Amino acid sequence: MSEPSTKTVDHFVYLVAPGALQETSKIWRDLGFTVVPGGKHADGLTENALIAFADGAYIELISFVHPLSHYPPDSPSYNARKNHVWASKHPGGFIDFAFLGNTGTPSVAATINARAARDGSGISYAGEVPGGRERPDGKVLQWLISAPIPDEHDKRGGGNGRGRVPFFCGDLTPRDLRVPQEPSETTHPNASLGIAHLHLLASPDDVARTAKQITTILGSSPLGSGPPSASAVNTNTSSLPSPSSVRESVSGTSSVRWHVEALKGDGGAEDAILLELSAPGSKEEERWLGERGAGIYRVKVRVKEETRYSAVGDAASASGVDGVRLVTKL
């Protein structure tokens, strides 16, 4: 039996403050994104809205329905909310990301764990567990989740491994029930087409470990490492708001890069998604890493051309939405 693909981008998780999902959805709409209501998850603790792209990936705006204080102390619901995998994450930013899994056969977790046993990277994934949610129209969705198991390094840092490397989400019900597919749902006023670039940050002493583990997860070698060059971030890029701001985000630090796949597309250069891991290269990045820990610093969304939403990155930050930029190409 052939190995399953483990490098197809599925979605990015953006945490919203409890009870603020509708308000935050409006902010993203004002930034030119089409936002589709998602529904409440099976555990009743979280709800979401989705920003889907024509390349098959999406951004999940997710919110806890209630703060922890809502639940009676030591009740089952209190403990479930307190121990939720994202309970310790900071709202107002990307906190996790998923690659596309399958129906469990062959097991993505077993595939990655077998690779790790061969290459000694130390990454380990838990076996697939079921999840789901009910859409506003009453349709029930089901999927399988396989998540990384925290290693000793993660535990020493007080983390659970989530967000530093991807988890996997595979559909048991048709994916088009989980992910908006209609052109009216994947077409955006700001001309967004899909994901161009995913930038992860890790501490300088953790980049090598995380890079080795990501290589195991993807099953493919990095494009290379070292200081960023003009070929890595094209000097002809028409970046929104500016090409220089993209280069500066990784200036002065080494980085490791991989090409990962969009679900839809012909595999050409215009569809390539760049996954980049680096240590902080600016005071802003150092502050972000100190506050949030290793994980997604920024997602760049590919657009057709410059529009009146060109400054979405600056406007988003001013609106309390952080971590997203528009670029015409890499």
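These numbers come from a predicted model, not from an experiment.

J.: Just checking my understanding: could you explain the overall build of the protein for this structure?
T.: When its secondary structure is counted, the protein shows 10 helices and 15 strands. In the protein, which comprises 330 residues, the share counted as buried stands at 52%. Residue pairs in contact within the protein that sit at least 24 positions apart in sequence constitute 73% of those at least 6 positions apart. Entry remark: accessible area of the protein is about 14,000 Å², with carbon and sulfur atoms responsible for 53%.

J.: How do you make sense of the environment of Lys-7 when you look at a structure like this?
T.: Here Lys-7 is to be found in the segment before strand E1 (9-16). A sequence separation of 91 residues divides Lys-7 from Ala-98, and the C-alpha atoms of the two residues are 9.8 Å apart. Residues contacting Lys-7, with those up to four places away along its chain left out, are Phe-99, Leu-218, Ser-220, His-259, Val-260 and Glu-261.

J.: Any chance you could explain the packing of helix H3 (residues 108-119) against helix H7 (residues 207-218) here in plain terms?
T.: For any two helices packed against each other, the geometry is given by the interaxial angle and the distance between the axes. Two numbers describe how H3 lies on H7: the axes approach to 8 Å, and their chain directions differ by 130°. Between H3 and H7, the angle falls in the class oblique. Handedness of the crossing formed by H3 with H7: right-handed. Contacts between H3 and H7 involve Ile-112, Arg-115, Ala-116 and Asp-119 from the first element and Lys-212, Thr-216, Ile-217 and Leu-218 from the second.

J.: What should I look at first to understand the packing of aromatic side chains in this one?
T.: The relative placement of two aromatic rings is captured by the distance of their centres and the angle of their planes. A complete count under the given rule lists nine aromatic pairs for this structure. Between Tyr-14 and Phe-94 the ring centres are 5.1 Å apart and the planes differ by 90°, which places this aromatic pair in the edge-to-face class. Note that Tyr-14 is positioned in strand E1 and Phe-94 in strand E5 (residues 93-100), a separation of 80 residues in sequence. The same class applies to Tyr-14 and to Phe-94, which are both buried. Ring centres of Trp-86 and Phe-167 lie 6.4 Å apart, and the angle between their planes is 55°; on these two criteria the pair is classed as tilted. On the criterion of sequence distance, the pair formed by Trp-86 in the loop between helix H2 (76-82) and E5 and Phe-167 in strand E8 (residues 167-171) is long-range, its members being 81 residues apart. Here the two residues Trp-86 and Phe-167 agree in accessibility, since each one is buried. Taken together, the ring pairs in this structure connect Tyr-14, Trp-28, Phe-33, Phe-53 and Phe-94 into an aromatic cluster. Sitting above the plane of the Phe-64 ring, Arg-81 keeps its charged end 3.7 Å from the centroid.

Cut-offs applied
- Residues numbered from 1 in each chain as written.
- Predicted model: local features only at pLDDT ≥ 70, side-chain atom pairs only at ≥ 80, totals over all residues.
- Heavy atoms only, no water.
- Helix = DSSP H or I, 4+ residues; strand = E, 2+ residues; numbered from the N terminus.
- Buried < 20%, exposed > 50% of the residue type's maximum accessible area, 1.4 Å probe, protein only.
- Contact = heavy atoms within 4.5 Å.
- Areas by Shrake-Rupley, 256 points an atom, 1.4 Å probe, with all protein chains shown as cover.
- Axes fitted to C-alpha atoms, helices over the stretch in contact; angles between N-to-C directions.
- Parallel < 35°, antiparallel > 145°, perpendicular 65-115°, else oblique.
- Left-handed = near helix turned anticlockwise from the far one by under 90°.
- Phe/Tyr/Trp six-rings, centres within 6.5 Å; stacked < 30°, edge-to-face > 60°.
- Lys NZ or Arg CZ within 6 Å of the ring centre and 35° of its normal.

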